[in-house]
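These are the residues of each chain, in order.
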Amino acid sequence: MVGDTTGKTADVMIAGAGFAGLALAVALRQALGENFAVIVADPALKFPKSNDMRASAIAAGARHLFEAIGAWDAVAAGAQPILDMVVTDSKLDDAVRPSFLTFGGEIAPGEPFAHMIENRHLIDALVARAKEEGVELRAEAAGAHEASTHRIALRSGAQTIAAKLLVGADGARSRTRQGAGIDNYGWDYQQSAIVTTVAHERDHNGRAEEHFLPAGPFAILPLKGKRSSIVWTETTQEAERIVALPDTEFHAELERRFGLHLGDIEVVGPRRAFPLGLYTARSFVGERLALIGDAAHVIHPIAGQGLNMGLRDVAALAEVIADAARLGLDPGSADVLERYQRWRRFDTMTMGMATDGLNRLFSNHSDILRLTRDVGLGLVDRLPMLKNLFIREAAGATGELPKLLRGEAL
Ligand SMILES: Cc1cc2nc3c(=O)[nH]c(=O)nc-3n(C[C@H](O)[C@H](O)[C@H](O)COP(=O)(O)OP(=O)(O)OC[C@H]3O[C@@H](n4cnc5c(N)ncnc54)[C@H](O)[C@@H]3O)c2cc1C
């Protein structure tokens, strides 16, 4: 099927140069040096710069990983620490939105639980680090693959590459996952997130806001300067209608939700709707194959944790591969891959269920449910220990952490 290899070989071949694929490639080269060949293939690499217009909340654990692989310095100046967070729960046209929950933004003195960063800056920094570390970057899609006892052969452009391990980091619609016959379970939320960037008159002072409106969460996330990233959930049909509105009408819909507390607002970025779903691959591993990031699991962005989960996969997989390679073991062997899967699967299921529960609890029009959840939020707000636990969980500072998430070299 895949054909004979054309002599090109690698220790690890990665399909997908998103956050997960690039971070893994850099971590492996940094840990194992130039004798450990790593190739990353992604057609998006043909563009000189990333065009991902989204921004992400990078939890403290994920930031430690970027620091450990040398990608944080290049983006630190443009990263906005989240200094505090406020949560409200109201109907769309309520005159005031009382805050039910507030969080201070630090997990330890001087250590913010998360930073907001524009995706394209981070991707560009990772590509630059990958080049410095001698990762081979191919601006080609990863195609069909075929595993045999000692290697896996992957079609990429006109070439066939033989590797000990193929890593699928090719996103939610992973061709690698499908090609390996691994089922993906879950459902579409029939909701989409409208994403855009706004500039505002007043300073946000590093405050993140999450307004639970009946159609779903409306998040205002602080960016460097007087700008914020908007993640605005609606039913998919309504999101498509809103995104297609003329500028003035779009602005009016946005302002109805955003409010006037930061003064006049102006849309300064493109707008796009992303369909939302909850999906988990039946297995994170196959024959000489591992899945990481959105290829393995997709969750609702309600808690801003999708990418952070993907980076946990990166840290765990990089550690098991590095341990194996240093002992002279085959990084694509079933034992090594099973260690990775055991490490990551439980955590992934827990986070998937937690975000699903939150979304169901908050994305609805029931007044009774609103009253009940507001009592719950009010209780959490008054219990510092519980709040502290939530904030440490969101920061990715709980559980059995791989070294890179603790900021340690592999
Ligand atoms: C609206 C929204 C807001 C979000 N906000 C946050 C947040 O604040 N914090 C957070 O932690 N997460 C957030 N997430 C989730 C986060 O964006 C994703 O989890 C993350 O981008 C996944 O990274 P990845 O590298 O696994 O996949 P992707 O970023 O999807 O990258 C996959 C790559 O694979 C490539 N590719 C596809 N097919 C092939 C192929 N056949 N061969 C080679 N390459 C291929 C693509 O070109 C792409 O570059 C958000 C998601 C959404 C939708």
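In this report, the structure presented in the accompanying data block is examined. (Residues numbered from 1 in each chain as written. Predicted model: local features only at pLDDT ≥ 70, side-chain atom pairs only at ≥ 80, totals over all residues. Heavy atoms only, no water.)

Side note on the side chain of Arg63
Phase 1: As for its placement among the helices and strands, Arg63 is situated in helix H2 (residues 60–68).
Phase 2: For Arg63, a relative accessible area of 9% corresponds to the buried category.
Phase 3: With sequence-adjacent residues up to four places away left out, Arg63 is seen in contact with Ile58, Trp72, Glu111, Pro112 and His115. (Helix = DSSP H or I, 4+ residues; strand = E, 2+ residues; numbered from the N terminus. Buried < 20%, exposed > 50% of the residue type's maximum accessible area, 1.4 Å probe, protein only. Contact = heavy atoms within 4.5 Å.)

Structural notes on the environment of Asp356
Phase 1: Residue position: Asp356 is located in helix H9 (residues 334–362).
Phase 2: Residues Asp356 and Pro301 lie 55 residues apart in sequence; the distance between their C-alpha atoms is 9.9 Å.
Phase 3: Setting aside its immediate chain neighbours within four residues, Asp356 contacts Trp187, Tyr189 and Leu278.

Notes on unusual backbone geometry
Phase 1: Phi at Asn205 takes a positive value of approximately 55 degrees, unusual for a residue other than glycine.
Phase 2: Given the relative accessible area of 59%, Asn205 is considered exposed.
Phase 3: One non-glycine residue, Arg288, adopts positive backbone phi at about 55 degrees.

Section: the pairing of strand S9 (residues 114–118)
Phase 1: Summarising burial for S9: 5 of the 5 residues are buried, a large majority.
Phase 2: Going residue by residue along S9, you find Ala114, Met116 and Glu118 tucked away on one face and His115 and Ile117 tucked away on the opposite face as well.
Phase 3: Here strand S3 (residues 55–59) pairs with S9 via 5 bridges, running antiparallel. The residue of S9 that forms the bridge with Ala55 is Glu118.
Phase 4: Sheet analysis places strand S4 (residues 80–81) next to S9, joined by 2 bridges and oriented antiparallel. Bridge pairing in S9 links Pro81 to His115. (Pairing = 2+ DSSP bridges.)

Notes on the site of the ligand
Phase 1: Around the ligand lies a shell of 27 residues, among which Asp42, Ala57, Ala142, Asp294 and Leu307 are the nearest.
Phase 2: Separating an oxygen atom of the ligand from a backbone N or O atom of Phe19 is a distance of 3.2 Å.
Phase 3: The side chain of Asp42 places a nitrogen or oxygen atom 2.6 Å from an oxygen atom of the ligand.
Phase 4: Here the ligand has 1000 Å² of accessible area as a free molecule, and 82% of this is covered by the chains.
Phase 5: Contributions of two or more residues to the shell around the ligand are made by helix H1 (19–32), S3, strand S14 (184–200) and helix H8 (306–326).
Phase 6: A class-by-class count of the residues in the shell around the ligand yields 14 nonpolar, 9 polar and 4 charged. (Near = heavy atom within 4 Å. Polar contact = N/O pair within 3.5 Å; in protein donor to acceptor, adjacent residues only side chain to side chain. Areas by Shrake-Rupley, 256 points an atom, 1.4 Å probe, with all protein chains shown as cover. Nonpolar A, V, L, I, M, F, W, Y, C, P; charged D, E, K, R; others polar.)

Remember that the coordinates give geometry; whether it matters functionally is a separate question.
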